[in-house]
Amino acid sequence: MAMKNEDLFKAELNVLQAATEDVADKRFAGNELMPRYKLLAKSYRKLLMITKKVFHISDIQGRILQRRQSEIQNLLDNANQGFLTFGQDLKVDRQYSAECDRIFGRKIASFCITELLGSKEDTLHGTLEKVFSSPKESQHLELQKVPARVRIGHKDIQVECKLISQPEDTENSVVMMILTDITERLRAEEQIHFLSYHDKLTSLHNRAYIEAVLPAMEKQAVLPLSVIMVDMNGLKLANDVFGHQQGDLLLTLLARALQKSCRKSDIVARWGGDEFVILLPNTNKQSCLKVCERIRSACNETVDGTIPLSAALGTATKETGAPHLAELLSVAESVMYSDKLLKSKEVRRNIVANLESMLTGRCFENEGHTERVQEMLLQFAAFLETDSVSGTPIKLLTKLAKLHDIGKVAIPAEILGSPRALSGSDWEVMKSHSEIGYRLAFSLGETALAEIMLAVHERWDGLGYPCGLKGEQIPFIARMFSVVDVYDVITHSRPYKGAMDKGAALAEIVAGSGTQFDPEIVRSFQDFMGGK
């Protein structure tokens, strides 16, 4: 703690006080030296006051200097840069910021700078020695030979050097070295560069990369050049039914299948959306077709997706002449769309079969439910013989029986198989299967079927779901189907409820007449069942 001025000048103040008292003492009034003594005391007082002011000013300046020094040190410590100096002996004489400790992981005073920088070669040591041994006018040129970047541990460090003259020794300079940790910056730059030419989801090359390598792919050295255009089947359906996360998974699985089927020298890229492109340099038509076969096999072997993995493929090959990549891509794309059109029905069949298999394995419904509903629905439709039914294709009724609950494939198994009544939130999840089934049928091109599937859980009184349709707003086929479906469900055991006999089940249907079911259809169903 600094001394106060009063404490610092206590002895001098005591002397001044004694002199003042002597001057005032009448005993010394006649002393011939008194005038000179008075003058001396007065001068001493003045000198003491000036000295106190000087000390006060010095204290203020000291505090200001200390504060500024602290501010500068704080700036240096937070500049994320290491500052150090070394002289002709190449030993660090001082570090100026805390960043040096972080970069080197220790105190560095008196250590040789070349050892700290991890240089195992004599080149850096020789370069720095030459800096100090060279004439002043060429020292800066020698300093520029110091590496601009070094590796210290796992850190990439940028190095900048400056010659600094010392006020007390103008003949000799020191080198200030400024060290900047650029590890994170380099990683970010690498990531940006990677994302510039790669697809974030699949990590394959992207369209920008294909455009960048275009000049290299249009040289004679790559001939014969083959191109494969790939369009994944069922992506929209997967997104609509299972969500974009499952759609992304399918894209990733296809990317792996494509990479697995190609050489390392081939270029596999995501062209956009559900399309991919493969460039096969030095590959003739036969070899290109073999790659396509490998792709199909790899897709067939992939079982991790929610729908079967498949893709439409189109190829084009340039054996001789100028290899114009844009033309090859256009030809391959045209062939790919033709392939997609030809196999569209087969693809839809495979997807539906796979979803039906999933439904059977996950929905815990009584075995044979679909077959029984299909048989009874066709029989009941034939029994009704109304205009609302007679114009309905049997295929539509068959598909409705098979796919009416297909949306349940996207409902969690713990909800589908719950042995207890569902909670409010779980019931909301369960009800979503109608809309999911609608989107699925719509994605498969079954527009009429989709509209009926959406309405099979509506009620005559308007309290059904998902749209709250009422009475004849509900499609007739959906009203008819709901009676048949409910009858089959309640006459067979479920995880949370036992089966009813046929009489009790029919009474349950009649009880729902005018509320859950169309009264006219219920009466017809009674007549239909009475005749069985």
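Going by the structure above, here's the rest.
Note that this is a predicted model, so its numbers are computed, not measured.

**Comments concerning the nonpolar core**
Right, so step 1: Ranked by internal contacts, the top residues of the largest apolar core, which has 82 residues, are Ile228, Met480 and Phe525.
Right, so step 2: Considering each element in turn, this core owes the most residues, nine residues, to helix H22 (residues 476-490).
Right, so step 3: Non-local contacts of isoleucine 228, meaning those with residues more than four positions away in its chain, are made with Phe276, Val277, Ile278, Leu280, Cys288, Val291, Cys292, Ile295, Leu313, Gly314 and Thr315.
Right, so step 4: Counting residues in each nonpolar core, the second largest holds 27 residues, with Leu84, Leu90, Cys112 and Leu117 among its members.

**Observations regarding the sheet that holds strand E8 (residues 275-280)**
Right, so step 1: One open sheet holds the four strands; their spatial order is E7-E8-E6-E9, and the pairing between them is antiparallel. The open sheet has two free edges, formed respectively by strand E7 (267-272) and strand E9 (311-318), since each of these has just one partner strand. Pairs of neighbouring strands in the sheet enclose a mean axial angle of 20°, with direction left out of account.
Right, so step 2: Bridge count between strand E6 (residues 225-232) and E9: eight bridges; the pairing is antiparallel. Following the sheet pairing, methionine 232 is matched in E9 by alanine 311.
Right, so step 3: Strands in contact with helix H12 (residues 285-301) are E6, E8 and E9; relative to E9, the strand with the most contacts, it is inclined by about 165°.

**Quick notes on the packing of aromatic side chains**
Right, so step 1: In this structure the tally under the stated criterion is ten aromatic pairs.
Right, so step 2: When the ring of phenylalanine 86 is compared with that of phenylalanine 132, the centres are 6.3 Å apart and the planes differ by 65°; the resulting orientation is edge-to-face. With a gap of 46 residues between them, phenylalanine 86 in strand E1 (residues 81-86) and phenylalanine 132 in helix H6 (residues 122-133) connect regions that are remote in the sequence. As far as burial versus exposure is concerned, phenylalanine 86 and phenylalanine 132 are alike and both buried.
Right, so step 3: Of the aromatic side chains, those joined through ring pairs into one cluster are Phe380, Phe383, Tyr487, Phe525 and Phe528.
Right, so step 4: Over the aromatic face of phenylalanine 111 sits the side chain of arginine 106, whose NZ or CZ is 4.5 Å from the ring centroid.

**A word on a positive patch on the surface**
Right, so step 1: Taken together, the side chains of Lys345, Arg348, Arg349 and Lys395 define a basic patch exposed on the protein surface.
Right, so step 2: Broken down by element, the residue count for the positive patch peaks at three residues, all from helix H14 (residues 344-362).

**A look at the side chain of threonine 283**
Right, so step 1: Along the polypeptide, threonine 283 turns up in the loop between E8 and H12.
Right, so step 2: A distance of 3.0 Å separates a polar atom in the side chain of threonine 283 from the backbone oxygen of proline 281.
Right, so step 3: Setting aside residues up to four positions removed in sequence, threonine 283 forms contacts with Pro224, Leu225, Ser226, Arg263, Cys288 and Thr317.

**Structural notes on H22**
Right, so step 1: Relative to the 21 Å expected for 15 residues at 1.5 Å per residue, H22 spans 22 Å between its end C-alpha atoms, a close match to the ideal helical length.
Right, so step 2: Extensive coverage of H22 is indicated by the burial of 13 of its 15 residues.

**Some remarks on the packing of helix H2 (residues 10-24) against helix H3 (residues 34-77)**
Right, so step 1: Relative orientation of the contacting elements H2 and H3 amounts to 150°, with a least axis distance of 10 Å. Taken together, the axes of H2 and H3 lie roughly antiparallel to each other. When you trace H2 past H3, the crossing you get is left-handed. Judged by residue contacts, Glu12, Leu13, Val15, Leu16, Ala19, Thr20, Asp22 and Val23 of H2 engage Met34, Tyr37, Lys38, Ala41, Tyr44, Arg45 and Leu48 from H3.

**Quick look at the pairing of strand E3 (residues 149-152)**
Right, so step 1: Alternating positions in E3 separate cleanly, Val150 and Ile152 being buried on one face and Arg149 and Arg151 remaining unburied on the opposite face.
Right, so step 2: Examined bridge by bridge, E3 and strand E4 (residues 155-166) share four bridges and lie antiparallel to one another. Residue pairing across strands places isoleucine 152 opposite lysine 155, the latter belonging to E4.
Right, so step 3: Once E3 ends, the chain turns through two residues before running back antiparallel as E4, passing glycine 153 with a positive phi of about 65°.

**Concerning the state of the cysteines**
Right, so step 1: Inspection of the entire model under this criterion finds zero disulfides.
Right, so step 2: Here cysteine 288 is not disulfide-linked; the sulfur of cysteine 292 is the nearest cysteine sulfur, at 4.8 Å.
Right, so step 3: Here cysteine 299 stays free of any disulfide, with the sulfur of cysteine 292 as its closest cysteine sulfur at 11 Å.
Right, so step 4: A relative accessible area of 5% means that cysteine 299 is categorised as buried.

**With respect to the environment of aspartate 426**
Right, so step 1: Turning to its location among the elements, aspartate 426 is positioned in helix H19 (residues 424-431).
Right, so step 2: Its relative accessible area of 28% is what places aspartate 426 among the partly exposed residues.
Right, so step 3: When the C-alpha atoms of aspartate 426 and proline 412 are compared, they prove to be 9.6 Å apart, with 14 residues separating the residues in sequence.

**Topic: the pairing of E8**
Right, so step 1: Extensive coverage of E8 is indicated by the burial of six of its six residues.
Right, so step 2: Burial of the side chains of E8 extends over both faces: Glu275, Val277 and Leu279 are buried on one face and Phe276, Ile278 and Leu280 on the other.
Right, so step 3: Of the strand pairs in this sheet, E7 and E8 are connected by five bridges, and their pairing is antiparallel. Across the sheet, glycine 272 pairs through a bridge with glutamate 275, a residue of E8.
Right, so step 4: If you look at the hairpin formed by E7 and E8, you'll find two residues sitting between the two strands, and glycine 273 has a positive phi there, around 60°.

**Side note on the pattern of salt bridges**
Right, so step 1: All told, the structure shown has 22 salt bridges when counted by the stated rule.
Right, so step 2: Between glutamate 99 and arginine 102 there is a salt bridge; the shortest N-O distance is 2.9 Å. Linking glutamate 99 with arginine 102, this pair stays in helix H4 (residues 99-104), spanning three residues, or about one helical turn.
Right, so step 3: Because the salt bridges share partners, they merge into one network encompassing Glu99, Arg102 and Asp181.

**Quick notes on a nonpolar patch on the surface**
Right, so step 1: On the surface, Leu8, Ile50, Val54 and Phe55 cluster together into a nonpolar patch covering about 330 Å² of accessible area.
Right, so step 2: The greatest single-element share of the nonpolar patch, amounting to three residues, is contributed by H3.
Right, so step 3: Mapped onto the fold, isoleucine 50 is located in helix H3.
Right, so step 4: Look at isoleucine 50 and you get partly exposed, because its relative accessible area is 45%.

**Digging into unusual backbone geometry**
Right, so step 1: Residues leucine 223 and proline 224 are joined by a peptide bond in cis, for which omega reads -5°.
Right, so step 2: Along the chain, the position of proline 224 falls in the loop between helix H9 (207-213) and E6.
Right, so step 3: Across the junction of tyrosine 465 and proline 466, the peptide omega takes the value 10°, indicating a cis bond.
Right, so step 4: Within the fold, proline 466 resides in the loop between helix H21 (447-455) and H22.
Right, so step 5: The phi dihedral of serine 203 is positive, around 65°, even though this residue is not glycine.

Conventions and cut-offs
Residues numbered from 1 in each chain as written. Predicted model: local features only at pLDDT ≥ 70, side-chain atom pairs only at ≥ 80, totals over all residues. Heavy atoms only, no water. Core = buried A, V, L, I, M, F, W, Y, C linked by side-chain atoms within 4.5 Å. Buried < 20%, exposed > 50% of the residue type's maximum accessible area, 1.4 Å probe, protein only. Helix = DSSP H or I, 4+ residues; strand = E, 2+ residues; numbered from the N terminus. Contact = heavy atoms within 4.5 Å. Pairing = 2+ DSSP bridges. Axes fitted to C-alpha atoms, helices over the stretch in contact; angles between N-to-C directions. Phe/Tyr/Trp six-rings, centres within 6.5 Å; stacked < 30°, edge-to-face > 60°. Lys NZ or Arg CZ within 6 Å of the ring centre and 35° of its normal. Patch = residues over 30% accessible without salt bridge, like charges linked within 9 Å, V, L, I, M, F, W, Y side chains within 5 Å. Areas by Shrake-Rupley, 256 points an atom, 1.4 Å probe, with all protein chains shown as cover. Salt bridge = Lys/Arg side-chain N within 4 Å of Asp/Glu carboxyl O. Lys, Arg positive; Asp, Glu negative; His and termini not counted. Charge placed at Lys NZ, Arg CZ, Asp CG, Glu CD. Polar contact = N/O pair within 3.5 Å; in protein donor to acceptor, adjacent residues only side chain to side chain. Expected span 1.5 Å × (residues − 1). Parallel < 35°, antiparallel > 145°, perpendicular 65-115°, else oblique. Left-handed = near helix turned anticlockwise from the far one by under 90°. Disulfide = S-S within 2.5 Å.

These figures come from the coordinates and say nothing about function on their own.
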